[in-house]
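Residue-level structure breakdown
Here's the letter readout for the chains.
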Amino acid sequence: MSEFQELIKSFPKTRDYVRDFFVYGFKSRTEFKHKSPRTYDNERRRLESWLSPYVRKDFAANGSNISLSIDSNLLDTNPLFQVWKTKSFTDNDIVLHFLILDLLSGENFLSAEEITDRLLTDYESLFDIQTVRRKCNAYAKEGLLNKTKTGKSVVFSLDLTLALWVTSNTSLLDALSFYQMAGVFGIIGNYLSSGSDSNNRTFRVKHSFFVHTLEDEILSSILHSMREHKSVTLAIKSSKRDTAYTVVCIPLLIMISTRSGRRFLCGYTTARKRFTCYRLDTIKRVTPLEQKPEYDFLLEKLNQNRRKLWGVSFQSTNQTHVNRLTMTLRIYEPHERHIIDRLKREGRGGTVTKTGKHVYTYEKEAFDCNEMLPWIRTFIGRILSLKCTDKSVEQRFYRDLQEMYQMYRITENNPKTVHSGNNRS
């Protein structure tokens, strides 16, 4: 039987562990059916080790439920940054890490052969030269070491200029404190601040989506492909249907919901020849492909189509290109002028027209009018009629309304009369 290990090698695996409890949480041991009970125990132990102050245990009839409870406006950093620091390592990894950095800390320029010799003479540590060379090349790729060619030799050096500048610059440390709380890839600011022994004593964010840091590895790969105008293969696992599939698309834009904070990749799918959005938290892997010469043309076309978006959906149920929704409301003037202002402010480009005494009509063209329904329902009590060229949207709205009538035992002679004469709130 393998021994339990707190650290794991794969960050995607770490991401799934934390998301299971933080996003989808409240699972007892008996409800965790897609993996073995021992796997559940190991995941729980890792989570309690990484994020112990934020682990919450609730007791229910079927056992205890484990979840994460994090209040962003009380914290000086994102606790989920800790999951970026859980990668496993071998004994050789950790020994070489400190010894190589120590050898090069005195402004030394050493080749892999010289480093290998010095490890033996200075530290009595014997390593294969190929192992040392691979480690130095890996650190050079990550930016920890400088790699230069002197004559026929390749030498490595350690440049501490940036570290010393960061440590001595108070204004920069404040900027890093703010960035780790508010910026994309905030883990970078956290790493630099931690390396300088600096803590965030100034900034707090009232509404922060800490879980986004779990997607930053995926986001980084996507942005890199976007910069190089490459298509990608996305490995996706649906959170609703628990199914996995792959899709080839040209990544064009990252969209962020102002309501939920959820992030989406908007791309052009080559197989279906249309724009589609994918939730970042459902993407498990990104594989870059070849460059696409039509990238700029597709991006311009997307920017034109965005005017007809309400949210992130480009697809309507009746397969027409664009649908029109018309909503007629009763708004009593002048003391309800704020409702008219709200229609204009939140209507995302829709037109607001006065069509009668205390009657206003809102019209909007969108690819998928279904996305508008949650916003439209906030006006129930004022709506006189709702019409849409996509009839399924109308049917869904009035069906939901009838269900509400039945739930509250409201008698309504006309099922398409949405307003209430006594409700002016």
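Look up: the structure comes first, before these words.
This write-up is about the structure you can find in this document.

Rules and cut-offs
- Throughout this document, residue positions are counted from 1 along each chain, in the order its sequence is written.
- Reporting of local features is limited, given that this is a predicted model, to residues whose pLDDT is at least 70; pairs of side-chain atoms are given and counted only at 80 or more, and all residues count toward the totals for whole chains, interfaces and linings.
- To obtain the side-chain values, all non-hydrogen atoms of the structure were used and water was disregarded.
- A run of H or I in DSSP becomes a helix once it reaches four residues, and a run of E becomes a strand once it reaches two; helices and strands are each numbered from the N terminus.
- Only protein chains enter the accessibility calculation, which uses a 1.4 Å probe. A residue is then buried if its area is under 20% of the maximum for its type, exposed if over 50%, and partly exposed in between.
- Surface exposure here means Shrake-Rupley accessible area, sampled with a 1.4 Å probe, where a residue is shielded only by the protein chains that are shown.
- Here a polar contact means two N or O atoms within 3.5 Å. Within protein one must be a hydrogen donor candidate and the other an acceptor candidate, and residues neighboring in sequence count only if both atoms are side-chain atoms.
- Under the pairing criterion, centres of Phe, Tyr and Trp rings, with the six-membered ring standing for Trp, must be within 6.5 Å; the plane angle then separates stacked pairs below 30 degrees from edge-to-face pairs above 60, leaving the rest tilted.
- Throughout this description, the term charge over a ring refers to an Arg CZ or Lys NZ atom that lies within 6 Å of the ring centre and within 35 degrees of the ring normal.
- Think of a salt bridge as a Lys or Arg side-chain nitrogen and an Asp or Glu carboxyl oxygen that are within 4 Å of each other.
- For two strands to pair, DSSP has to find at least two bridges joining them.
- Interaxial angle, 0 to 180 degrees, is taken between N-to-C directions of lines fitted to C-alpha atoms, where a helix line uses only the stretch in contact.
- What makes two residues a contact is simply this: any of their non-hydrogen atoms within 4.5 Å.

1. Re the overall build of the chain
Looking only at helices and strands, the chain has 13 helices and 14 strands in total. Split into buried and exposed, the 425 residues of the chain put 40% on the buried side. Accessible area of the chain: about 24600 Å², with a carbon and sulfur share of 51%.

2. Examining the side chain of asparagine 323
With respect to the element layout, asparagine 323 can be found in strand 11 (residues 323-330). Given the relative accessible area of 1%, asparagine 323 is considered buried. Polar contacts involving the side chain of asparagine 323 include one to the main-chain carbonyl oxygen of phenylalanine 367, which spans 3.3 Å.

3. Quick word on the packing of aromatic side chains
Per the counting criterion, the structure on display carries eight aromatic pairs. For the ring pair tryptophan 310 and tryptophan 375, a centre distance of 5.2 Å and an interplane angle of 45° mean the geometry is tilted. A residue pair is termed long-range when its members are at least 10 positions apart, and tryptophan 310 in the loop between helix 10 (295-305) and strand 11 and tryptophan 375 in helix 12 (residues 373-377) qualify at 65 residues. Judged by centre distance (5.3 Å) and plane angle (65°), the ring pair of tyrosine 362 and tryptophan 375 falls under edge-to-face. Of the two residues, tyrosine 362 is situated in strand 13 (residues 359-366) and tryptophan 375 in helix 12; the sequence distance between them amounts to 13 residues. Both residues of the pair, tyrosine 362 and tryptophan 375, count as buried. Positioned above the aromatic ring of tyrosine 191 is the side chain of lysine 85, whose terminal nitrogen or guanidinium carbon lies 5.5 Å from the ring centre.

4. Some words on the pattern of salt bridges
Within the structure shown, the criterion is met by 19 salt bridges. Residues arginine 263 and aspartate 216 are paired through a salt bridge, measuring 3.1 Å at the closest nitrogen-oxygen approach. Of this pair, arginine 263 sits in strand 8 (residues 263-269) while aspartate 216 sits in helix 9 (residues 216-227), and the two are 47 residues apart along the sequence. Exposure class is identical for arginine 263 and aspartate 216. Each is buried. Close ionic contact of glutamate 333 with lysine 354 constitutes a salt bridge, the shortest N to O distance being 3.0 Å.

5. Description of the pairing of strand 7 (residues 244-256)
As paired elements, strand 6 (residues 230-237) and strand 7 share six bridges and run antiparallel to each other. Considered in strand 7, the bridge of alanine 235 is made with threonine 246. In textbook terms, the turn of a hairpin is the stretch between consecutive antiparallel strands, and for strand 7 and strand 8 this stretch comprises six residues, one of which, glycine 261, has a positive phi near 80°.

6. Some words on the sheet that holds strand 6
The sheet built from five strands is open, its strands ordered 9-8-7-6-10 with antiparallel pairing. Edge positions in the sheet fall to strand 9 (274-279) and strand 10 (283-291), since each has one partner strand and no second. Taking each pair of neighbouring strands and ignoring which way they run, the sheet shows an average axis angle of 45°. The strands touched by helix 9 are strand 6, strand 7, strand 8 and strand 10; relative to strand 7, the strand with the most contacts, the crossing angle is about 80°. Helix-sheet contacts for helix 10 involve strand 7, strand 8 and strand 9, and the interaxial angle to strand 7 is about 70°.

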